[in-house]
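# Reading the structure
Take a look at the letters that make up each chain.
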Amino acid sequence: MSKVLIIGAGGVGQVVTHKCAQTPEVFSEILLASRTLDKCNKIAAQLNRPIETAQVDANNTDELVSLIKKFNPQLIINVALPYQDLPIMDACLLTGVDYLDTANYEPPEEAKFEYKWQWDYHEKFNEKGIMALLGSGFDPGVTNVFTAYANKHHFDEIQELDIIDCNAGDHGKAFATNFNPEINIREVTAKGKYFENGRWIETEPLSESTTFNFPEGIGEKKIYLMYHEELESLTKHIPSIKKAKFWMTFSDNYLKHLEVLENVGMTRIDPVEYNGIKIIPLQFLKALLPDPASLGPDTKGKTCIGCLIKGIKDKKEKEYYIYNICNHEAAYKEVHSQAISYTTGVPAMIGAMMMLTKTWHKPGVYNIEQFDPDPFMDKLNIHGLPWKEKIF
């Protein structure tokens, strides 16, 4: 029985809070905190057990420290913005509390995904005797665990890894993003990058594509090469990997709107002057777009996220595919969120469970694939994200 502080009350925070509340034998007390208290209270009202709520500025380490000392949690689950990872980690160091997040730190002024900033905290966390678990969402997160599971049970040597993310759902809007618009658009408009034979190769944004035939009735869809942070940690921790790529589907409608927005400068992240004040166009665009948390009631269809892996087993070549299918409508029925938030929030809860039960626990900063994948894989089947595998 443990106390947990959840920071962030967006779509993912809503799912994490629901799933923690469903597991009182692990999460005995819950505090949900965000910059906007009304969002926390709205989520709290959906639950069948009481939780505490609070207002906090996740950029302000002093505010965070004060809140942590008042509530005295064993773990902080950070589902706020990636810009806020480091202030929250600093607060954990000052209070001696374990830390978990779902996405790596990213500086506000540059769309750059890199673990170095957080890996640099390893010695500090180790000396303090506390743990940080990085990237406990789906991708990164479950895809890392899938790869570690394959490495443990199916391969003597993994050589090629393709992480493939498909949202085959439809929210019925002209243009909307399924998670924070600012983070989503920064990610999609950044240059692609993949790993091959010990070096990183950059590509122009969404310039490389192919098709993939998704299972369970989703069918063939076009997928685009992007860079995702789990490639950095997986190629470090599973050094046999010679080639690693990340792929994602996008509708033609999404890409056309995005192209127009880029062309007129609305995806810029540098300040521009308007009527005597400085604004960041992408942040202004975020204010105009639908809140991803509002998309749940109207979103239909499925997601399919998985890993296609090639390598050697018993001196023979092997190809293996492991994936999850998540239904948007089923996710909304359970936790009032669409499947994009659900697939990130459930693994955050499971990662927290692994830490609080000491199934995974050692001082320092770690990525999720550095631990035994088996107990996490078991919990995915129990808590709403069952997985399937195919051997070719």
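Summarised in this report is the structure supplied together with it. Since we're looking at a predicted model, the values are computed, not measured.

## Quick word on the overall build of the protein
Counting its secondary structure elements, the protein contains 14 helices and 18 strands. Scaling as 2.2 N^0.38, a compact globule of 392 residues should have a C-alpha radius of gyration of about 21 Å, and the protein matches this with 20 Å. Across its three principal directions, the C-alpha atoms of the protein cover 55 × 55 × 40 Å. Taking all 392 residues of the protein together, the buried fraction comes to 57%. Sequence separation of at least 24 residues holds for 70% of the intrachain contacts in the protein that already meet a minimum separation of 6. About 16,500 Å² of surface is accessible on the protein, with carbon and sulfur atoms providing 48% of the total. Charge-centre separation for the protein: the mean point of 41 positive side chains lies 2 Å from the mean point of 53 negative side chains.

## Overview of the layout of surface pockets
Computed from the structure, the second largest pocket encloses a volume of approximately 190 Å³. Along its surface, the second largest pocket is lined by 14 residues, and Ala111, Ala190, Lys191, Glu202 and Tyr227 are the ones closest to its centre. Within the residue set of the lining of the second largest pocket, elements represented by two or more residues are helix H8 (181-189) and strand S11 (219-226). Considering only residue class, the lining of the second largest pocket consists of nine nonpolar, no polar and five charged.

## Notes on helix H4 (residues 85-95)
For an α-helix, 3.6 residues make a turn, and residues three or four places apart therefore share a direction. Taken across its eleven residues, H4 has eight buried, putting it largely inside the fold. With its phi angle positive at about 70 degrees, Gly96 sits one or two positions after the end of H4.

## Let's talk about the packing of aromatic side chains
Tallying each qualifying case throughout the model produces 17 aromatic pairs. Judged by centre distance (5.3 Å) and plane angle (75 degrees), the ring pair of Tyr105 and Trp117 falls under edge-to-face. With Tyr105 in the loop between strand S5 (98-101) and helix H5 (116-119) and Trp117 in helix H5, this residue pair connects regions lying twelve residues apart in the sequence. Ring-pair connections join several aromatic residues into one group, and the members of that group are Phe175, Tyr224, Phe250 and Tyr254. The lysine or arginine in question, Lys124, covers the ring of Tyr121, its NZ or CZ lying 5.0 Å from the ring centre. If you follow Lys236 out to its NZ or CZ, it ends over the ring of Trp119, 4.0 Å from the centre.

## A closer look at the nonpolar core
Ranked by internal contacts, the top residues of the largest apolar core, which has 86 residues, are Phe27, Ile77, Phe146, Phe250, Phe376 and Leu380. If one sorts the elements of this core by residue count, helix H13 (residues 339-356) sits on top with eleven residues. When neighbours within four sequence positions are excluded, Phe146 is seen to be in contact with Phe138, Ile305, Gly306, Cys307, Ile322, Tyr323, Asn324, Met377, Leu380 and Trp387. Counting residues in hydrophobic clusters, the runner-up holds 30 residues, among them Ala58, Leu86, Ala132 and Val365.

## Overview of the pairing of strand S1 (residues 2-7)
Each regular strand shows side chains that alternate between the opposite faces of the sheet. Burial within S1 is extensive, with six of its six residues counted as buried. Of the two faces of S1, the one lined by Ser2, Val4 and Ile6 and the one lined by Lys3, Leu5 and Ile7 are each fully buried. Two strands pair when backbone bridges link them, and S1 and strand S2 (residues 27-34) are joined in this way by six bridges, in the parallel orientation. Residue Ser2 lies in a different strand from S2, and its bridge partner there is Phe27. Following the backbone out of S1, through helix H1 (residues 11-21) and into the adjacent parallel S2, one traces a crossover that is right-handed.

## A closer look at the packing of helix H3 (residues 61-71) against H4
Between H3 and H4, the least distance of the axes is 9 Å, while the angle of their chain directions is 45 degrees. It follows that H3 is oblique to H4 by the angle criterion. By crossing handedness, the relation of H3 to H4 is classed as right-handed. Mapping the contact onto sequence places Thr61, Leu64, Val65, Ile68 and Lys69 in H3 and Pro87, Ile88, Asp90, Ala91, Leu94 and Thr95 in H4.

## Observations concerning the pairing of strand S15 (residues 302-313)
Alignment of strand S7 (residues 157-167) against S15, held across ten bridges, turns out to be antiparallel. By the bridge assignment, Asn167 is partnered in S15 with Thr303. The sheet contact formed by S15 and strand S16 (residues 316-327) spans twelve bridges and is antiparallel. Each residue of the ladder has a partner; that of Cys304, found in S16, is Ile325. The hairpin formed by S15 and S16 contains two residues between the paired strands, and Asp314 there has a positive phi angle of roughly 55 degrees.

## Examining the sheet that holds S2
Strand order in the open sheet formed by seven strands is S3-S2-S1-S4-S5-S6-S17, and the pairing between neighbours is parallel. Sheet topology places strand S3 (52-55) and strand S17 (364-367) at the edges, where each strand pairs with a single neighbour. Averaged over all neighbouring strand pairs, the angle between strand axes comes to 20 degrees, with direction disregarded. With four bridges connecting them, S2 and S3 associate as parallel partners. Looking across to S3, one finds that Leu32 is bridged to Thr53. Along the sheet, H1 contacts S1, S2 and strand S4 (75-78); its crossing angle with S2, the most-contacted strand, is approximately 165 degrees. Against the sheet, H4 touches S1, S4, S5, strand S6 (131-134) and S17, its axis set at about 165 degrees to S5.

The rules behind each value
- Residues numbered from 1 in each chain as written.
- Predicted model: local features only at pLDDT ≥ 70, side-chain atom pairs only at ≥ 80, totals over all residues.
- Heavy atoms only, no water.
- Helix = DSSP H or I, 4+ residues; strand = E, 2+ residues; numbered from the N terminus.
- Rg over C-alpha atoms; globule rule 2.2 N^0.38 Å.
- Buried < 20%, exposed > 50% of the residue type's maximum accessible area, 1.4 Å probe, protein only.
- Contact = heavy atoms within 4.5 Å.
- Areas by Shrake-Rupley, 256 points an atom, 1.4 Å probe, with all protein chains shown as cover.
- Lys, Arg positive; Asp, Glu negative; His and termini not counted.
- Charge placed at Lys NZ, Arg CZ, Asp CG, Glu CD.
- 1 Å grid on protein atoms, 1.4 Å probe; cavity = no way out; pocket = protein on both sides within 12 Å on 5 of 7 lines; lining within 4 Å.
- Points joined across faces, edges and corners; volume = space filled by probe spheres on them.
- Nonpolar A, V, L, I, M, F, W, Y, C, P; charged D, E, K, R; others polar.
- Phe/Tyr/Trp six-rings, centres within 6.5 Å; stacked < 30°, edge-to-face > 60°.
- Lys NZ or Arg CZ within 6 Å of the ring centre and 35° of its normal.
- Core = buried A, V, L, I, M, F, W, Y, C linked by side-chain atoms within 4.5 Å.
- Pairing = 2+ DSSP bridges.
- Right-handed = clockwise from strand over helix to strand, strands pointing away.
- Axes fitted to C-alpha atoms, helices over the stretch in contact; angles between N-to-C directions.
- Parallel < 35°, antiparallel > 145°, perpendicular 65-115°, else oblique.
- Left-handed = near helix turned anticlockwise from the far one by under 90°.

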